[in-house]
Amino acid sequence: MALIPNNGWETGDAGGWTFVAGSLGGSVDVLAASARSGLYGLRIVKNSAGSQSYAYYDFPGYASIVGYTVEFIVKNRYDSGSWGDIRIDDGVGNTIETMSGAASVWLSTTVSRVIQVGATRLRFLVTGTSAGVNATISVDDMEVVVKDAGGNVLFASDLGGQPGAAANFASY
């Protein structure tokens, strides 16, 4: 089962992710201009006066990793404006990390969460969150790492946005 599909956006579309465009000109698109590697990357636009724009994927096999630490890693670049967040949400709570960066510079941002007993989902989310500021953010080459309580890596997707690549949790 794929942990995150379309991690480098190389299908040229949402490819299993859900896109929600914010109001007043917000958008979420897969574009060549937003690629770090490969042909495509994700672009999130948030209008200063509008609601958040975001992309998310719900992993259906969340019950198989309760108690494990999940790390979600993205490469991100600010094209204009201000910041965005990446999140892991298990339905019990969520962990948020602000994407760091500078205009036109690709950086890496990581968020980690121990998946809680009682989890109702495992959601990976990328969002433009600038309050009162226009923001355009590019995201590409996403990775997921799953660790046990001792910190041992059970699974790592290091797929680099290759066409057709998909993380497979069952393969660890």
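Please refer to the structure placed before this passage.
Rules behind the numbers
Residues numbered from 1 in each chain as written. Predicted model: local features only at pLDDT ≥ 70, side-chain atom pairs only at ≥ 80, totals over all residues. Heavy atoms only, no water. Pairing = 2+ DSSP bridges. Helix = DSSP H or I, 4+ residues; strand = E, 2+ residues; numbered from the N terminus. Axes fitted to C-alpha atoms, helices over the stretch in contact; angles between N-to-C directions. Phe/Tyr/Trp six-rings, centres within 6.5 Å; stacked < 30°, edge-to-face > 60°. Buried < 20%, exposed > 50% of the residue type's maximum accessible area, 1.4 Å probe, protein only. Salt bridge = Lys/Arg side-chain N within 4 Å of Asp/Glu carboxyl O. Core = buried A, V, L, I, M, F, W, Y, C linked by side-chain atoms within 4.5 Å. Contact = heavy atoms within 4.5 Å.

1. So, the sheet that holds strand 7 (residues 94-98)
With respect to topology, 5 strands assemble into an open sheet ordered 1-4-9-6-7, the strand pairing being antiparallel. Taken across any chain shown, the strands that pair with only one partner, and hence form the sheet edges, are strand 1 (18-20) and strand 7. Averaged over all neighbouring strand pairs, the angle between strand axes comes to 15°, with direction disregarded.

2. Section: the packing of aromatic side chains
Within the structure shown, the criterion is met by 5 aromatic pairs. Arranged with centres 5.3 Å apart and planes meeting at 55°, the rings of W9 and W17 form a pair that is tilted. Across this residue pair, the class does not change: W9 and W17 are buried. Measuring from centroid to centroid gives 5.0 Å for F72 and F124, while their planes differ by 55°, and the two rings are tilted. With F72 in strand 5 (residues 69-81) and F124 in strand 9 (residues 123-128), this residue pair connects regions lying 52 residues apart in the sequence. By relative accessible area, which is 0% here, F124 ends up buried.

3. Digging into the pattern of salt bridges
Tallying each qualifying case throughout the model produces 8 salt bridges. Residue D141 is joined to R36 by a salt bridge in which the shortest nitrogen-to-oxygen separation is 2.7 Å. Separated by 105 residues along the polypeptide, D141 in strand 10 (residues 135-147) and R36 in the loop between strand 2 (27-31) and strand 3 (41-46) bring together distant segments of the chain. The exposure class assigned to D141 is buried, which follows from its relative accessible area of 3%.

4. Details of the nonpolar core
With 31 residues, the main nonpolar core has W17, F72 and F124 as its most contacted residues. When contributions to this core are tallied by element, the ones reaching two or more residues are strand 2, strand 3, strand 4 (53-58), strand 5, strand 6 (84-89), strand 9 and strand 10. With 5 residues, the single largest contributor to this core is strand 10. Beyond its immediate stretch of four places on either side in the chain, W17 contacts I4, P5, N6, W9, A55, Y56, Y57, F72, F124 and M142.

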